[in-house]
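As a plain string of letters, each chain reads:
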Amino acid sequence: AAASRVFAFRDARWAPDPVLEPGAAVRTPQPVPLVIDNGSFQTRAGWASPDPAVPAEPLLRFRSLAARSRGARGGAGAETQVGNDLGSPEPLRWLLRSPFDRNVSVQLELQELLFDHVFQRLGVASQGCVDHPIVLTEAVCNPLYSRQMMSELLFECYQVPKVSYGVDSLYSFYHNRRQNWPCSGLVISSGYQCTHILPVLEGRLDAKNCKRINLGGCQAAVYLQRLLQLKYPGHFAAITLSRMEEILHEHSYIAEDYIEELQKWRSPEYYENNMHKMQLPFSNKLLGSTLTSEEKQERRQQQLRRLQELNARRREEKLQLDQERLDRLLYVQELLEDGQMDQFHKALVELNMDSAEELQSYINKLSLSVEQTKQKILQAEVNIEVDVVDSKPETPDLDPLGSEQSLEDVESINEFEPLFAEEQPEVEKPVAAVQPVFNLAEYHQLFLGTERIRAPEIVFQPSLIGEDQAGIAETMQYVLERYPKEQQAILVQNVFLTGGNTMYPGLKARVQKELLEMRPFQSSFQVHVASSPVLDAWYGARDWAVEYMTREEGWITRKDYEEKGGEYLKEHCASNVYVPIRLPKQAPRTAEALAPSRALTSSTGNPCEQA
């Protein structure tokens, strides 16, 4: 049973996305919409078409990350990699960049890289533009500036015909609607960066009473990493964020009663039965070097030879560079000797020198440096030849007498051994010492006990990580109390959980327990979980795009963008509420208002004349 609870980290590398060839059904009879779930953790993209030949699932799924490689010296050869092309995020952790601040897209140059990756890998082959309508998700109560910049990017850079914006959690709610479901409900959406409590009344979002908690899967992973690094300081570098995310996804759960669950973990028996061991990668060579002295000597010789070759290459490069500089200075000196003073002075200015004496000084220094470098190269070649000659192994003469000792001499020596037995001290028999067995595999194991519940608990108790915020239960109660009792009863009949951070086992039971504590006695409520909390936002956006493909409702055309600005939004059942910018109009200055100022001017007169 103990061995069965040892889990190895997968450390899976991301496979690069292939370039897909879209079928004819994507473009005929008209270009079908392209659905992009633009999440802060992962981007998902695919086609929305009622044709069964078009896959009804996202064809691309990649992390919303980009990294610019360092390239060669001087910036040459640097390239930018996006999403799955990174392979693994850990070697590039300090180079990774995301277009998101929390869940709002703010870095439009990085967002453009993500869009380029999507259009290229989906095989959008139109010249100079993207002629497919775009269905794009955005944050709840998205700032107008962010939507304005996104619309500008899509219409000006990609020349899209029309675009529609919607909220990912509302698309998930739209996709999971059932025949008997009410159009109202309380949506709890917990993602990578944020958790939202969204009241929906009669099929529309009540944006005035939406609340956000700035905690999600990212903060849980960082908190779990900090806990395990404090617990296992010897494995500090091996406890990476990617591995913490794997632990959260596969080994964590939400406790229905956190304090009661902690009391259970105090029992040794409960700890042994529920503790998970995570096996870190290790090598048996860590116990000690298995190399012999000859192998160590050979390895030192190889390192020495490599070092000598490196030094020789550097000396040759330095010699070549100094020789080129010296030839240039000698050419300038020849101009002086030939009497070409104009060209000589121009060359001095290019060399940033003032006089012929300074030129001669540089020539002398470079000549000396070239000679010294040549001497070092010759000396290094001589030393290498001497090392090669001296490295021949000498076979020592172990038997200078010629091995003439016969078997009879050995027997005669053995006859005298009993005579000296009393004089020899008695040698004690070696006692086999019991060496403690060091289990290297167990040393590289992370024991997960209460960490399995402590990291996910932060969305209910943000104070665990020092955040001065309310948890899901308090925020949910605060939102419900903003409505009359009749609407509260309607909202709690459809509490809907969606988002990647709601996939913990036990979350539904925890929400039911919290509702039971805050609702009146003998009142009823229902809690539902999305069929696929991660992908339902994309599926809902696809359902909406297929249903509204030929309608004008919810689509922002290029004409709307040019007339009403980039922040303009056409509302639909899964969109934000459009709140236009209202600038206060300045009142026109009337004649009565101008009269006192004129009188004041006339009474004061010209200040220069008064002076």
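Residues numbered from 1 in each chain as written. Predicted model: local features only at pLDDT ≥ 70, side-chain atom pairs only at ≥ 80, totals over all residues. Heavy atoms only, no water.

**Concerning the packing of helix α4 (residues 217-231) against helix α5 (residues 241-251)**
Heads up, the rule is: Fitting a line to C-alpha atoms yields each axis, with helices limited to the stretch in contact; the angle taken between N-to-C directions then spans 0 to 180 degrees. Helix and strand assignments follow DSSP, with helices taken as H or I runs no shorter than four residues and strands as E runs no shorter than two, numbered in order from the N terminus. Oblique is the label for any angle not under 35 degrees, not over 145, and not in the 65 to 115 range, which are roughly parallel, roughly antiparallel and roughly perpendicular in turn. A contact between two residues is defined here by any heavy atoms of the two lying within 4.5 Å. Each residue gets one of three labels, nonpolar for Ala, Val, Leu, Ile, Met, Phe, Trp, Tyr, Cys and Pro, charged for Asp, Glu, Lys and Arg, and polar for the others, Gly among them.
Running from amino to carboxyl end, α4 crosses α5 at an angle of 110°, the nearest separation of the two axes being 9 Å. As the angle between them shows, α4 and α5 are arranged roughly perpendicular. Taking contact as the criterion, the partners of Gly217, Ala220, Ala221, Val222, Leu224, Gln225 and Leu228 in α4 are, on α5, Leu241, Met244, Glu245, Ile247 and Leu248. In terms of residue class, the contact of α4 with α5 is made up of nine nonpolar, two polar and one charged.

**Description of the nonpolar core**
In globular proteins that are soluble, nonpolar side chains generally tend to be buried together. The cut-off we apply is this: Residues belong to one nonpolar core when they are buried, are Ala, Val, Leu, Ile, Met, Phe, Trp, Tyr or Cys, and are joined through side-chain atoms within 4.5 Å. Classification of residues uses two cut-offs on accessible area relative to the type maximum, computed with a 1.4 Å probe and protein chains only: under 20% is buried, over 50% is exposed, and between them is partly exposed.
Counting residues in hydrophobic clusters, the biggest one holds 43 residues, and the most contacted among them are Ile188, Leu228, Ile247, Leu446 and Val511. Within the residue set of this core, elements represented by two or more residues are β12 (185-190), α4, α5, β17 (445-448), α14 (472-480), β18 (495-498) and α16 (507-518). Per-element tally for this core: the top contributor is α4, with six residues. Ignoring anything within four residues of it in the chain, the contact list for Leu446 reads Phe9, Leu228, Tyr232, His235, Ile239, His276, Lys277, Met278 and Leu280. Ala66, Phe115, Tyr158 and Tyr568 belong to the second largest nonpolar core, which has 34 residues in total.

**What about the packing of aromatic side chains?**
Inclusion rule: The rule is short: rings of Phe, Tyr and Trp, with Trp giving its six-membered ring, pair when the centres are within 6.5 Å, and they are stacked under 30 degrees, edge-to-face over 60, tilted in between. We call a charge positioned over a ring when the NZ of a Lys or the CZ of an Arg lies within 6 Å of the ring centre and within 35 degrees of the ring normal.
Enumeration according to the criterion identifies 12 aromatic pairs in this entry. Taking the centre distance of 5.6 Å and the plane angle of 75° together, the rings of Phe173 and Phe496 count as edge-to-face. With Phe173 in helix α3 (residues 168-175) and Phe496 in strand β18, the pair connects residues that are 323 residues apart, well separated along the chain. Classification of Phe496 by relative accessible area gives buried; the value is 0%. Three or more aromatic residues link up through ring pairs in this structure, and these residues are Phe115, Phe119 and Tyr158. The ring centre of Tyr174 lies 4.0 Å from the NZ or CZ of Arg177, which sits over that ring.

**Considerations on the UniProt feature "coiled-coil region" (unreviewed entry) in the protein chain**
Just so we agree on the cut-off: UniProt positions are given in the numbering used here, feature names are shortened, and annotations may be inferred rather than shown by experiment.
Those residues carrying the UniProt feature "coiled-coil region" (unreviewed entry) are residues 293-327 and 356-383 in this numbering. Taken end to end, residues 293-327 comprises 100% helix and 0% strand; its first and last C-alpha atoms sit 51 Å apart. Span residues 356-383 is 100% helix and 0% strand, its end C-alpha atoms 41 Å apart.

**So, unusual backbone geometry**
Looking along the chain, the bond that leaves Thr28 and enters Pro29 is cis, with omega of 0°. Note on placement: Pro29 falls in the loop between β1 (6-8) and β2 (34-38). The phi dihedral of Gln159 is positive, around 55°, even though this residue is not glycine. Tracing the backbone through its elements, the reader meets Gln159 in the loop between α2 (144-157) and β11 (162-167). Of note in the backbone geometry, Gln522 takes a positive phi value of approximately 65° without being a glycine. Looking at the secondary structure, you find Gln522 in the loop between α16 and β19 (527-529). Classification of Gln522 by relative accessible area gives exposed; the value is 73%.

**A word on the sheet that holds strand β6 (residues 80-82)**
Definition in use: Criterion used throughout: strands pair if DSSP finds at least two bridges between them.
Taken in spatial order, the three strands make up an open sheet running β6-β5-β7, and their pairing is antiparallel. At either end of the open sheet lies a strand with only one pairing partner, and these are β6 and β7 (96-97). Strand contacts of helix α1 (residues 108-121): β5 (66-68), β6 and β7, with the helix running at about 65° to β6, the strand carrying the most contacts.

**Considering the packing of α1 against α2**
Which entries qualify depends on this criterion: Note: crossing handedness is left-handed where the near helix turns anticlockwise from the far helix by less than a right angle, and right-handed where it turns clockwise.
In contact at an axis separation of 11 Å, α1 and α2 are set at 50° when each is read in the N-to-C sense. With respect to α2, the element α1 is oriented oblique. For the crossing formed where α1 meets α2, the hand is right-handed. The residues of α2 that touch α1, namely those facing Leu108, Gln111, Glu112 and Phe115, are Met149, Met150, Leu153, Leu154 and Cys157. Across the contact of α1 with α2, the residue classes break down as seven nonpolar, one polar and one charged.

**Some thoughts on the layout of surface pockets**
Note the cut-off: A 1.4 Å probe that fits into a set of points on a 1 Å grid over the protein atoms alone but cannot get out defines a cavity; an open set with protein on both sides within 12 Å along at least five of seven lines defines a pocket, and lining residues are those with an atom within 4 Å of a point. Grid points are joined across faces, edges and corners, and a volume is the space filled by probe spheres set on the points.
The calculated volume of the largest pocket comes to roughly 930 Å³. In terms of lining residues, the largest pocket is bounded by 46 residues, among which Phe41, Arg44, Gly191, Tyr192 and Gly500 are the most central. Approximately 630 Å³ is the volume attributed to the second largest pocket. Around the second largest pocket sit 21 residues that line it, and Ala12, Trp14, Ser242, Glu245 and Glu246 are the ones nearest its centre. Across the lining of the second largest pocket, the residue classes tally to five nonpolar, six polar and 10 charged.

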